[in-house]
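Chain by chain, the residues:
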Amino acid sequence: MNNHPLISSLHGGKRWSTDRAQLVAETVLHDPGLFEVLFNGLTIDEPLARMRAAYAVSKVASERPDLLQPYKEQFLDRLLDPDNSHLARACMLQALRTLTLDKEGIELLVDTLKDFLFSESSIVKTFSLQLLADFAAEDEGLRNDVLPLLWAARERGTPAMRARARKLLKRYHL
């Protein structure tokens, strides 16, 4: 499936360009039957194409979370793939926000997100912090674990983490 024209269009071009991924996302939104092809693009060996596939999945899921939901378990497995670039993982973290997760799924994911706080990538750290705070907003027990992480990020995080932590702490009037 990785040789499908939809996936082939994600290869090449300038490193930071997301135009191709945006076009792929629009194509899938017009023809949702192509979502499986796009989802399988998350296993592409070429890092740039994989990042673009992750970006497109995120864009599709933001408008049609129902398309990603049936792939939830596979998606979580692919999120953990060590071959993901930081940008691919960041895009996947954004898509993760669209999934409906049960309490057990959230509990399992919390440990992963805490591990991502030690990533080399500021954007992965920041998105992980955001997701932890989002989950904690719904779970008072989790909030007790996450608030110290927010305080630590506000004091010692990257500039992006500090800014996000300040914003998130305002939710709790802290």
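All values reported here derive from a predicted model rather than from experimental measurement. (Residues numbered from 1 in each chain as written. Predicted model: local features only at pLDDT ≥ 70, side-chain atom pairs only at ≥ 80, totals over all residues. Heavy atoms only, no water.)

## As for the nonpolar core
Within the largest apolar cluster, 62 residues are counted, with the highest numbers of intra-cluster contacts made by F35, L38, L68, F75, L93, L96 and L150. No other element matches the 10 residues that helix 4 (residues 47-63) contributes to this core. If near-sequence neighbours (up to four positions away) are discounted, L150 is found in contact with L129, A133, A165, L168, L169 and Y172. (Core = buried A, V, L, I, M, F, W, Y, C linked by side-chain atoms within 4.5 Å. Buried < 20%, exposed > 50% of the residue type's maximum accessible area, 1.4 Å probe, protein only. Helix = DSSP H or I, 4+ residues; strand = E, 2+ residues; numbered from the N terminus. Contact = heavy atoms within 4.5 Å.)

## Some thoughts on the layout of surface pockets
One water molecule sets the probe size; rolling that probe over the atoms shows where empty space is left. Reported here for the largest pocket is a volume of approximately 270 Å³. Lining the largest pocket are 13 residues, with E73, L76, G105, L108 and L109 positioned closest to its centre. Residue classes in the lining of the largest pocket are distributed as six nonpolar, two polar and five charged. The volume enclosed by the second largest pocket comes to roughly 210 Å³. (1 Å grid on protein atoms, 1.4 Å probe; cavity = no way out; pocket = protein on both sides within 12 Å on 5 of 7 lines; lining within 4 Å. Points joined across faces, edges and corners; volume = space filled by probe spheres on them. Nonpolar A, V, L, I, M, F, W, Y, C, P; charged D, E, K, R; others polar.)

## Regarding a negative patch on the surface
A cluster of acidic residues, E73, D77, D102 and E104, forms a negative patch on the protein surface. If you trace the backbone, E73 turns up in helix 6 (residues 72-79). Among the residues examined, E73 registers a relative accessible area of 53% and is labelled exposed. (Patch = residues over 30% accessible without salt bridge, like charges linked within 9 Å, V, L, I, M, F, W, Y side chains within 5 Å. Areas by Shrake-Rupley, 256 points an atom, 1.4 Å probe, with all protein chains shown as cover. Salt bridge = Lys/Arg side-chain N within 4 Å of Asp/Glu carboxyl O. Lys, Arg positive; Asp, Glu negative; His and termini not counted. Charge placed at Lys NZ, Arg CZ, Asp CG, Glu CD.)

## Looking at the packing of helix 9 (residues 122-138) against helix 10 (residues 140-156)
Contact pair helix 9 / helix 10: the axes reach a minimum separation of 8 Å and the direction vectors enclose 145°. Relative to helix 10, helix 9 is oriented so that their crossing is left-handed. Residues L129, L132, A133, F135, A136, A137 and E138 of helix 9 lie in contact with helix 10, whose contacting residues are E140, L142, R143, V146, L149, L150 and A153. Class assignment of the residues belonging to the contact of helix 9 with helix 10 gives a composition of 11 nonpolar, no polar and three charged. (Axes fitted to C-alpha atoms, helices over the stretch in contact; angles between N-to-C directions. Left-handed = near helix turned anticlockwise from the far one by under 90°.)

## Topic: the confidence of the model for the protein chain
The predicted coordinates of low-pLDDT regions are not to be read in fine detail. Overall, the predicted model of the protein chain reaches an average pLDDT of 91, with 97% of residues at or above 70. When the elements of the protein chain are averaged for pLDDT, helix 1 (residues 5-8) gives the smallest value, 87, and helix 5 (residues 65-68) the largest, 97. (pLDDT = per-residue confidence, 0-100.)

## Describing the packing of aromatic side chains
Counted under the stated rule, the structure contains four aromatic pairs. For the pair F35 and Y71, a centre-to-centre distance of 5.6 Å together with 55° between the ring planes defines the contact as tilted. Of this pair, F35 sits in helix 3 (residues 35-40) while Y71 is found in the loop between helix 5 and helix 6, placing the two residues 36 residues apart along the sequence. Taken as a pair, F35 and Y71 share a single burial class, namely buried. Note on F39 and F75: the rings are 6.5 Å apart at their centroids and 40° apart in plane angle, and the pair reads as tilted. Separated by 36 residues along the polypeptide, F39 in helix 3 and F75 in helix 6 bring together distant segments of the chain. One exposure class covers both F39 and F75, and it is buried. Taken together, the aromatic side chains of F35, F39, Y71 and F75 make up a single cluster linked through ring pairs. (Phe/Tyr/Trp six-rings, centres within 6.5 Å; stacked < 30°, edge-to-face > 60°.)

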